[in-house]
Amino acid sequence: GAVVSQHPSRVICKSGTSVKIECRSLDFQATTMFWYRQFPKQSLMLMATSNEGSKATYEQGVEKDKFLINHASLTLSTLTVTSAHPEDSSFYICSASGGQGFGQPQHFGDGTRLSIL
Amino acid sequence: ELKVEQNPLFLSMQEGKNYTIYCNYSTTSDRLYWYRQDPGKSLESLFVLLSNGAVKQEGRLMASLDTKARLSTLHITAAVHDLSATYFCAVETWGNQFYFGTGTSLTVIP
């Protein structure tokens, strides 16, 4: 089946550091990728939608200058948390879709746990 | 603003009992997904419901979708400890975006 690899699985770093998270589709081409954030004991919140070769679409309330998304190829999207602060500590999950439009299944990565000290 | 609400948020039940988790959503959609999440882990896909009246069953879990009522249910039959996890429903909108429910944390007590 379709596999989405997310790296790293865990990051601990100091406040003010920028952190990059990679999301790769291993055996299919991902036209669209999605980034979610999940705080402890809460649901997944969609942060942004990225389409290969175009700018990401951010959900309301998500700072695009803080959460930089690059979808440079059909198999790789990156999320960079710039100048991270403790309130950015969360579980970040990516998903990838093989097509565009309604009804394309999403495949989820294993998530990245980000802890900012 | 799209809302996806689950009820209950927390559920503690004894082994062998039955229960239903409800997922209500506020937008028009024909596609609804159920996922399981274990602590510290990502999502495991359980069911994909693609149309009004769809019913899927796998083991002790059964999911259904009523698009007119904007309601999906996840029914648990004869619960066992291994089913303890958090369960999320997710509604798919045009544009292939998923919006997740509030989650139901299930604990099955021996």
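An account of the accompanying structure is given in this report. Source: prediction; values computed, not measured.

How big an interface is tends to be stated in terms of accessible area lost as the parts join. Opposite the 23 residues of chain A that make contact, chain B presents 21 residues. Of the roughly 1700 Å² buried between chain A and chain B, counting both surfaces, carbon and sulfur atoms make up 56%. At the surface where chain A touches chain B, the tally comes to five residue pairs in polar contact (both at pLDDT 80 or more). Among the elements of the structure, strand S4 (32-38), strand S5 (44-51), strand S9 (90-97) and strand S10 (106-108) of chain A are those that each provide at least two residues to the side of chain A that touches chain B. In terms of residue class, the side of chain A that touches chain B is made up of eight nonpolar, twelve polar and three charged.

Residues and elements named next belong to chain A. On the basis of which strands lie adjacent, the open sheet formed by four strands has the order S1-S3-S8-S7 and antiparallel pairing. Only two strands of the sheet have a single partner each, and these edge strands are strand S1 (4-7) and strand S7 (67-73). For this sheet, the mean angle separating the axes of adjacent strands, direction not counted, is 15 degrees. As defined by bridge partners, S7 adjoins strand S8 (residues 76-81) across five bridges and the pair is classed as antiparallel.

Evaluated as defined, the whole model comprises nine aromatic pairs over all chains. Where Tyr33(B) meets Tyr35(B), the ring centres are 6.5 Å apart and the plane angle is 20 degrees; that geometry is what we call stacked. You'll find Tyr33(B) and Tyr35(B) in the same group, each marked buried. What links up through ring pairs into an aromatic cluster is the set Tyr36(A), Phe108(A), Tyr33(B), Tyr35(B), Phe88(B), Phe98(B) and Phe100(B).

The subject of this paragraph is unusual backbone geometry. Cis rather than trans, the peptide bond between His7(A) and Pro8(A) has omega equal to 0 degrees. Topologically, Pro8(A) is positioned in the loop between S1 and strand S2 (10-13).

Evaluated as defined, the whole model comprises two disulfides over all chains. Here Cys23(B) engages in a disulfide with Cys89(B); their sulfurs sit 2.0 Å apart. Measuring handedness by torsion sign, the sulfur bridge of Cys23(B) and Cys89(B) sits at about 80 degrees and is right-handed. Within this pair, whereas Cys23(B) is found in strand S3 (residues 19-25), its partner Cys89(B) is found in strand S9 (residues 85-93), the two being separated by 66 residues in sequence. For the pair shown, Cys23(B) and Cys89(B) are each scored as buried. Cysteine Cys13(A) is unpaired, with the sulfur of Cys94(A) as its nearest cysteine sulfur at 18 Å.

Moving on, we come to the pattern of salt bridges. Residue and element names in this part refer to chain A. Using the criterion set out here, one finds three salt bridges over all chains in the structure. We note a salt bridge from Glu22 to Arg24, for which the minimum N-O separation is 3.4 Å. Its relative accessible area of 24% is what places Glu22 among the partly exposed residues. Note that Lys66 is salt-bridged to Asp88, the shortest N-O span being 2.9 Å. In this pair, Lys66 is assigned in the loop between strand S6 (57-58) and S7 and Asp88 in the loop between S8 and S9, connecting sequence segments 22 residues apart. When its relative accessible area of 12% is taken as the criterion, Lys66 is described as buried. Accessibility expressed as a relative area gives 5% for Asp88, which makes it buried.

The rules behind the values
Residues numbered from 1 in each chain as written. Chains lettered and ligands numbered in written order. Predicted model: local features only at pLDDT ≥ 70, side-chain atom pairs only at ≥ 80, totals over all residues. Heavy atoms only, no water. Contact = heavy atoms within 4.5 Å. Buried area = accessible area lost by both parts, 1.4 Å probe. Polar contact = N/O pair within 3.5 Å; in protein donor to acceptor, adjacent residues only side chain to side chain. Helix = DSSP H or I, 4+ residues; strand = E, 2+ residues; numbered from the N terminus. Nonpolar A, V, L, I, M, F, W, Y, C, P; charged D, E, K, R; others polar. Pairing = 2+ DSSP bridges. Axes fitted to C-alpha atoms, helices over the stretch in contact; angles between N-to-C directions. Phe/Tyr/Trp six-rings, centres within 6.5 Å; stacked < 30°, edge-to-face > 60°. Buried < 20%, exposed > 50% of the residue type's maximum accessible area, 1.4 Å probe, protein only. Disulfide = S-S within 2.5 Å. Salt bridge = Lys/Arg side-chain N within 4 Å of Asp/Glu carboxyl O.

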